[in-house]
Amino acid sequence: MLRFNEEASAKIFQENNQRCRPNTVDLHGLYVTEAEFYFKRAVQQVRESGESSLRVIVGKGNHSDDNIPKIKPAIQTLGENLGVTVTVDPTNNGCLIVTGLTPEATIRSFL
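Keep in mind that what you see is a predicted model, and the values were worked out from it rather than measured.

Cut-offs and rules
Residue positions within a chain follow its written sequence, with the count starting from 1. Local features in this predicted model are restricted to residues of pLDDT 70 or higher, and side-chain atom pairs are both shown and tallied only at a pLDDT of 80 or more, whereas totals for entire chains, interfaces and linings draw on every residue. Heavy atoms from the whole structure form the basis of all side-chain values; hydrogens and water molecules are not counted. UniProt positions are given in the numbering used here, feature names are shortened, and annotations may be inferred rather than shown by experiment. Numbering of helices and strands runs from the N terminus, with a helix taken as a DSSP run of H or I at least four residues long and a strand as a DSSP run of E at least two residues long. Working rule for helices: expected span equals 1.5 Å times residues minus one. Any residue under 20% of the maximum accessible area for its type is buried, any over 50% is exposed, and the rest in between are partly exposed; the area is computed with a 1.4 Å probe on protein chains only. Each direction from the helix axis to a C-beta atom contributes to the arc, which is the arc of those directions. We call two residues in contact when some of their heavy atoms are within 4.5 Å. Being paired, for any two strands, means DSSP has found at least two bridges between them. Whether a crossover is right-handed comes down to one check: with the strands pointing away from the viewer, does the path from the first strand over the helix to the second run clockwise; if it does, it is right-handed. Lines fitted to the C-alpha atoms define the axes, with helices restricted to the stretch that makes contact. Angles between their N-to-C directions range from 0 to 180 degrees. We call two directions roughly parallel when the angle between them is under 35 degrees, roughly antiparallel when it is over 145, roughly perpendicular when it lies between 65 and 115, and oblique otherwise. Here a crossing is taken to be left-handed if its near helix is turned anticlockwise relative to the far helix by less than a right angle, and right-handed if that turn runs clockwise. A residue's pLDDT is the confidence the predictor assigns to it, expressed on a 0 to 100 scale.

Caption draft 1: Representation of the UniProt feature "domain: Smr" (unreviewed entry) in the protein in the model. Listed under "domain: Smr" (unreviewed entry) in the UniProt record, and renumbered for this structure, are residues 25-101. Between the first and last C-alpha atoms of residues 25-101 the distance is 14 Å; the span itself is 38% helix and 21% strand.

Caption draft 2: Expanded view of helix 1 (residues 2-17). Taking 1.5 Å as the rise per residue, helix 1 with 16 residues should run 22 Å; its terminal C-alpha atoms sit 22 Å apart, in good agreement. Among all positions in helix 1, only S9, F13 and N17 are buried. Down the axis of helix 1, the buried set is contained in an arc of 55°. They therefore lie on one face. Turned more than 90 degrees from where helix 1 packs its buried face, R3, F4, K11 and Q14 sit exposed. Packed against the buried residues of helix 1 are strand 1 (24-26) and helix 2 (32-49).

Caption draft 3: Representation of the pairing of strand 2 (residues 53-57). Side-chain alternation along strand 2 places L54 and V56 on a buried face and S53, R55 and I57 on a face that remains uncovered. Bridge count between strand 1 and strand 2: three bridges; the pairing is parallel. Its bridge partner lying in strand 2, V25 is registered against V56. As for the winding sense of the linkage, the β-α-β connection from strand 1 through helix 2 to strand 2 is right-handed. Inspection of the sheet shows strand 2 paired to strand 4 (residues 95-99) by five bridges, in the antiparallel sense.

Caption draft 4: Geometry of the packing of helix 2 against helix 3 (residues 71-81). Two elements in contact, helix 2 and helix 3, have axes whose closest approach is 10 Å; the angle formed by their N-to-C orientations is 40°. Compared by their axis directions, helix 2 and helix 3 come out oblique. Helix 3 is crossed by helix 2, and the crossing has right-handed handedness. Contacts from V32, A35, E36, F39 and K40 of helix 2 reach helix 3 at I71, A74, I75, L78 and G79.

Caption draft 5: Here's a closer look at the confidence of the model for the protein. With 92% of its residues at a pLDDT of 70 or more, the protein has an overall mean of 86. The lowest-confidence element of the protein is helix 4 (residues 103-110), averaging 49 in pLDDT; the highest-confidence one is strand 3 (residues 85-88), averaging 97. Taken as a whole, residues 105-111 scores under 50 in pLDDT and shows three contacts with residues more than four places along the chain or in a different chain.

Caption draft 6: Region of the structure containing the sheet that holds strand 3. An order of 1-2-4-3 is seen for the four strands of this open sheet, with the pairing classed as mixed. Of all the strands in the sheet, the pair left with one neighbour each is strand 1 and strand 3. The sheet shows a mean angle of 25° between the axes of neighbouring strands, taken without regard to direction. Here helix 3 sits on the sheet in contact with strand 2, strand 3 and strand 4, set at roughly 150° to strand 3.

Structure below.
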């Protein structure tokens, strides 16, 4: 069952992200733990590329119980724990903007 869940989440992620712009990752439709995994991977890839920001599509929670978002707060908390700045996109509250991703910023945050 776990293997099937992993395969399903990989297919959902792949489908959602095949048309995304660079430095954008679409996490909506995933379970929170799956979204966290792909978010960490995206942060690492952006840091390695030398870019300083990442747009994260998390959705608005329209398909969650009582329309309460689950992925958005989890990614905001995870981002803080990773030492990056996470803000809600002022033009779309289903998206987050992650900044402070350059390797230099990471080094400075630990000093």
